[in-house]
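As a plain string of letters, each chain reads:
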Amino acid sequence: MVPPLSLFGYSQVQLLDGIFRQQFDHNHELFLNLDEDALLKPFRQREGMPAPGPDMGGWYDNSDDFNPVNNFHGFVAGHSFGQYLSGLARAYAVTGSKPTQEKVSRLVRGFGATVEPAGKFYVDYRLPAYTYDKTSCGLIDAHEFAKDPDALDVHWRATQAALPHLPERALSRYEQRSRGYKDVATTWDESYTLPENFFLAYQRSGNARYRDLGVRYLEQNYFDPLSENHNVLPFEHAYSHVNAFSSAMQAYLVLGDEKYLRAAKNGLRMVQDQSYATGGWGPDEGFVEPGRGAMAQSLKSSHASFETPCGAYGHFKVTRYLLRVTRDSRYGDSMERVLYNTIAGARLIQPDGISFYYSDYNSSGAKKDWYRDKWPCCSGTFPQLSADYGISSYYRGQDGIYVNLFLPSRVTWTQGSTQVTMTQKTEYPRANTMQLELAMMGNPQAFAVNVRIPEWAGAKTIVSVNGKRVDAEIAPGKFLAVQRTWKQGDRVEIEMEMPLRFESIATESPNIVALMRGPLAMFAIGENPAQPTREQLMAAAASSQSSDDWVVSTTSGPVTFRSFAAIKDEPYRLYHTVGS
C-alpha cells in the first residue's frame with residue numbers, strides 16, 4: 001500500500017529561527033557530545049566486557065537498587081540507547097553533519113561488539129521488548145538516514161539475541177500480570193509495540209523474517225475490537241497504546257488489511273474524545289472510562305496529566321501516518337494542537353539527563369517541573385520528535401505540495417524539470433499571518449499548493465496569491481487547493497481568523513472549560529487566579545501588540561492568560577468552572 005501523500009527527505013526541509021529550531025539544535029548538540037563509553041556501558045557490563053566510562057545515572061544505569069515504589073535508579077539499563085542513536089541519525093539526515101554521522105557509526109560498531117547469540121544482556125532483564133524495540137528503531141535509522149553500512153547486520157544479530165527473551169506473542173499488561181511475577185515492573189513490558197519496527201526492518205532490508213515477526217506480534221485482542229469501534233482503551237497504559245496505533249498503520253501499509261487502518265482511526269478518535277484542550281491525554285499515564293467524570297476528577301487528583309515528549313512523539317507518528325493515507329487535514333489540526341500546547345513548552349533536556357516529563361493540568365498548584373530521575377524515556381523521544389518537525393510540516397502528493405504545519409521553514413523539491421524552494425515566513429500562532437514565497441530555478445510549473453485550513457478557523461480567514469484573494473471556497477477542516485502555474489517570486493499569503501472559544505473537559509462536565517484562541521490553549525497565570533465567567537472569558541483581549549499575554553477582566557481584577565510555551569516557572573491553571 002502506497003499512501004497518497006509521501007514524506008519529504010529530512011534534508012529537504014529546514015527549520016528557520018524559532019522555538020522548534022532551538023529545540024532541534026539543543027538536542028542535536030547534547031547527544032552529539034554525550035560520552036560514548038557511558039552510552040555503551042550497560043551493554044558491556046551485562047555482557048561481562050570491560051566497561052570504561054562514567055555511569056549515566058537514573059533509569060539508564062545497570063544497577064540492582066531499583067524499587068518500583070520509590071527508586072527508579074537502574075529501572076531499564078540502556079533502555080534509551082536506540083532512541084539516542086535514532087535521534088542522531090535523523091539529525092545527520094537533517095544537517096549533513098559529518099561528526100554526527102561518524103558518531104552514529106562508532107555507536108553502531110560499539111553496540112555491535114556487545115551483541116552475542118546467547119543474549120546475555122537480556123537475562124533477568126525487566127523489559128526486553130521495550131528496550132529491544134528502541135534499539136531496533138535506532139539501528140534501522142542508522143542504516144536508512146545515516147547510511148551506516150553495518151547497521152542492518154547488527155540489527156539482525158540483535159534481533160536473534162533478543163528473540164529468546166521475548167514472549168511468544170504480544171501480551172497485554174493484564175496478561176503479563178496473570179502469568180505471575182516477582183517484580184511488578186516486569187509486567188510493564190510493551191511487546192504490543194514491536195510490529196511497527198519489524199515491518200520497517202522488513203521494508204528496509206527485504207528480509208521476510210521481519211515481516212513474519214511483525215505479524216506475530218500484532219495484538220489482535222486490541223486491534224480487533226478497535227476495528228469494530230469497541231472502546232478497549234480504559235485503564236490501559238496511554239503512551240504505549242497510542243504508540244501501538246503506528247504498528248496498526250504499518251500493518252495496513254505492508255499487509256493491506258483495512259482492519260488495521262480502522263483500528264488506528266477509531267482508536268485515535270477515542271483518545272481525542274478523552275483528551276485535554278491541549279491535545280494531551282492519559283492522566284497518570286492511563287486512559288479513563290468515558291462518561292464517568294474521570295477527566296474532570298484528574299484536575300484534582302493528578303499532577304501527571306500528560307507524558308509530554310513521549311506522548312507528543314507517539315501522537316505525531318500516528319497522525320502523520322493517517323494524514324498521509326487519508327489526506328484528512330484534521331489529523332494535521334490534531335498534530336498542531338499537541339505541538340503548540342505540549343512539546344513547545346517542554347523544558348530542554350539538561351546535560352546530566354534531567355528531563356521534562358509530565359505536563360501538569362491540576363487546577364491547584366500546577367507548574368512546570370523536572371522529572372525526578374535522570375535519562376527517563378522522554379529523554380529518548382524528545383530528540384527523535386524534534387528531528388521530525390520538518391518532515392511533519394510538508395507532504396508531496398500527485399497534485400503538488402501539502403502545507404501542514406505553519407512553522408518558519410524552507411522546503412525544496414523538484415517539480416517537473418524545475419527546482420522549487422518554498423520559504424515559509426510566520427510568527428504563528430503569536431500572529432495570525434503566514435507567507436509562502438516560491439523561488440524557482442527553471443521554467444514555471446503547474447501544481448497545487450494545498451494549505452491546511454484548521455477546523456477552528458473563522459469566517460474571516462483569507463488566502464491570497466500575490467495580493468489577490470483566491471476565488472475558491474475556504475472550508476475549515478480541509479485543505480485548500482491553490483492550483484495554478486507557479487513562477488519565480490510568487491507568494492501565497494494566509495490570514496487566519498483565530499476566534500476565542502471554549503472547550504469543556506468532557507461532555508459530562510460542560511461547565512469545566514478551557515479558553516482557546518486558534519490552536520492555543522490559554523492558561524490563567526497565578527497561584528490561585530480568579531474564576532472568570534463565560535462572558536468575561538469571551539471578552540479576553542491582547543495585553544499589548546508586543547506581548548503574547550492576554551487579559552481577562554474579572555470582578556476580582558485582571559487575570560493574565562498565557563500559552564504553555566510562554567510559561568516559565570510561574571503557577572497556572574488551564575480549566576475554569578463557569579456557569580451554564
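Because the structure is predicted, anything quoted here is derived from the model rather than measured.

Participant: It is not clear to me how the overall build of the chain should be interpreted in this structure. Could you clarify?
Facilitator: If you tally the helices and strands in the chain, you get 17 helices and 22 strands. A compact globule built from 580 residues should have a C-alpha radius of gyration of about 25 Å, and the chain, at 24 Å, falls within 12% of that. Projecting the C-alpha coordinates of the chain onto the three principal axes gives extents of approximately 65 × 60 × 45 Å. Expressed as a percentage of its 580 residues, the buried residues of the chain come to 61%. A total of about 22,000 Å² of accessible surface is found on the chain, and carbon and sulfur atoms cover 47% of it. Of the side-chain charges in the chain, 58 are positive and 64 negative, and the distance between the mean point of each set is 3 Å.

Participant: What is the right way to read unusual backbone geometry from this model?
Facilitator: Glycine aside, residues mostly have negative phi angles, and peptide bonds mostly take the trans form. Omega for the peptide link from Tyr-428 to Pro-429 comes to 5°, which places this bond in the cis form. Its place among the elements puts Pro-429 in the loop between β8 (418-426) and β9 (433-441). Of note in this structure, Asp-124 is not a glycine but carries a positive phi near 55°. Here Asp-124 is to be found in the loop between α4 (98-112) and α5 (128-146). Relative accessible area serves as the criterion here: at 78%, Asp-124 is assigned to the exposed category. Even without a glycine there, the phi angle at Trp-375 is positive, about 50°. The class for Trp-375 is buried, based on a relative accessible area of 2%.

Participant: Whenever I open this one, the pattern of salt bridges confuses me. Can you help?
Facilitator: Side chains that differ in charge, positive against negative, can pair when their charged atoms come close. Counting across every chain of the model gives 32 salt bridges. For the salt bridge of Lys-259 with Asp-224, the shortest nitrogen-to-oxygen distance reads 2.7 Å. Here Lys-259, found in helix α12 (residues 258-272), pairs with Asp-224, found in helix α10 (residues 220-227); they are 35 residues apart in sequence, far enough to count as distant. Looking at Lys-259, the relative accessible area reads 16%, which means it is buried. The class of Asp-224 is partly exposed, set by a relative accessible area of 28%. Ionic pairing is found between Arg-372 and Asp-373, a salt bridge with its closest N-O pair at 3.0 Å. A residue is classified by how much of its surface remains accessible, and Arg-372, at 53% relative accessible area, is exposed. Taken together, the shared-partner salt bridges in this structure form one network comprising Arg-90, Asp-141, Arg-320 and Asp-388.

Participant: Is there a simple way to explain the sheet that holds strand β6 (residues 400-403) in this structure?
Facilitator: The strands making up a sheet are joined through hydrogen bonds of the backbone, oriented either antiparallel or parallel. Within the open sheet, the five strands sit side by side as β1-β5-β6-β10-β13. Their pairing is mixed. With partners counted over all chains shown, the strands left at the sheet margins are β1 (6-7) and β13 (478-486), one partner each. Across nine bridges, strand β10 (residues 445-453) lies against β13 in antiparallel orientation. Counted as the bridge partner of Ala-448 is Gln-483 from β13.

Participant: Before we go on, may I ask you to explain the packing of aromatic side chains in this structure?
Facilitator: Tallying each qualifying case throughout the model produces 46 aromatic pairs. Ring centres 6.4 Å apart and planes at 15° place the aromatic pair Phe-72 and Trp-188 in the stacked group. Here Trp-188 lies in the loop between α7 (173-178) and α8 (195-205) and Phe-72 lies in the loop between α2 (36-46) and α3 (81-95), a separation of 116 residues in the sequence. On the basis of relative accessible area, Phe-72 is assigned to the buried category, the value being 9%. Members of the aromatic cluster, connected to one another through ring pairs, are Trp-59, Phe-66, Phe-72, Phe-75, Trp-188, Tyr-357, Tyr-358 and Tyr-371. The lysine or arginine in question, Lys-368, covers the ring of Phe-564, its NZ or CZ lying 4.4 Å from the ring centre. Positioned above the aromatic ring of Phe-72 is the side chain of Arg-372, whose terminal nitrogen or guanidinium carbon lies 4.8 Å from the ring centre.

Participant: Would you mind showing me how to read the sheet that holds β9 here?
Facilitator: In spatial order, the strands read β2-β7-β8-β9-β14-β11-β12; together these seven strands make up an open sheet with antiparallel pairing. Only two strands of the sheet have a single partner each, and these edge strands are β2 (13-15) and β12 (468-469). Two elements, β8 and β9, share eight bridges in a ladder whose sense is antiparallel. Residue pairing in the sheet places Met-422 in a bridge with Leu-438 of β9.

Participant: For this particular structure, what's the right way to read empty space enclosed by the protein?
Facilitator: Gaps left between atoms show up when a probe the size of a water molecule is rolled over them. Per the counting criterion, the structure on display carries five cavities of 30 Å³ or more. Lining the largest cavity we find Phe-43, Glu-47, Phe-111, Thr-114, Val-115, Glu-116, Gly-119, Phe-121, Tyr-122, Thr-135, Ala-158 and Ala-161. Per-class residue counts for the lining of the largest cavity are seven nonpolar, three polar and two charged. What the second largest cavity holds in volume is close to 70 Å³. Around the second largest cavity, the lining residues are Tyr-10, Val-13, Gln-14, Leu-15, Phe-24, Val-94, Ser-386, Ala-387, Gly-390 and Ile-391. Counting only elements with at least two residues in the lining of the second largest cavity, the list comes to β2 and α16 (378-388). Taken together, the residues that form the lining of the second largest cavity break down as seven nonpolar, three polar and no charged.

Participant: What am I meant to see in the pairing of strand β11 (residues 462-465) here?
Facilitator: Consecutive side chains of a regular strand alternate in pointing toward one face of the sheet and then the other. Of the strand pairs in this sheet, β11 and strand β14 (residues 491-495) are connected by four bridges, and their pairing is antiparallel. Residue pairing across strands places Ile-462 opposite Glu-495, the latter belonging to β14. Bridging between β11 and β12 involves two bridges; their strand directions are antiparallel. Looking across to β12, one finds that Val-465 is bridged to Lys-468. Between β11 and β12, which pair antiparallel one after the other, the connecting turn spans two residues, and Asn-466 there sits at a positive phi close to 55°.

About the cut-offs
Residues numbered from 1 in each chain as written. Predicted model: local features only at pLDDT ≥ 70, side-chain atom pairs only at ≥ 80, totals over all residues. Heavy atoms only, no water. Helix = DSSP H or I, 4+ residues; strand = E, 2+ residues; numbered from the N terminus. Rg over C-alpha atoms; globule rule 2.2 N^0.38 Å. Buried < 20%, exposed > 50% of the residue type's maximum accessible area, 1.4 Å probe, protein only. Areas by Shrake-Rupley, 256 points an atom, 1.4 Å probe, with all protein chains shown as cover. Lys, Arg positive; Asp, Glu negative; His and termini not counted. Charge placed at Lys NZ, Arg CZ, Asp CG, Glu CD. Salt bridge = Lys/Arg side-chain N within 4 Å of Asp/Glu carboxyl O. Pairing = 2+ DSSP bridges. Phe/Tyr/Trp six-rings, centres within 6.5 Å; stacked < 30°, edge-to-face > 60°. Lys NZ or Arg CZ within 6 Å of the ring centre and 35° of its normal. 1 Å grid on protein atoms, 1.4 Å probe; cavity = no way out; pocket = protein on both sides within 12 Å on 5 of 7 lines; lining within 4 Å. Points joined across faces, edges and corners; volume = space filled by probe spheres on them. Nonpolar A, V, L, I, M, F, W, Y, C, P; charged D, E, K, R; others polar.

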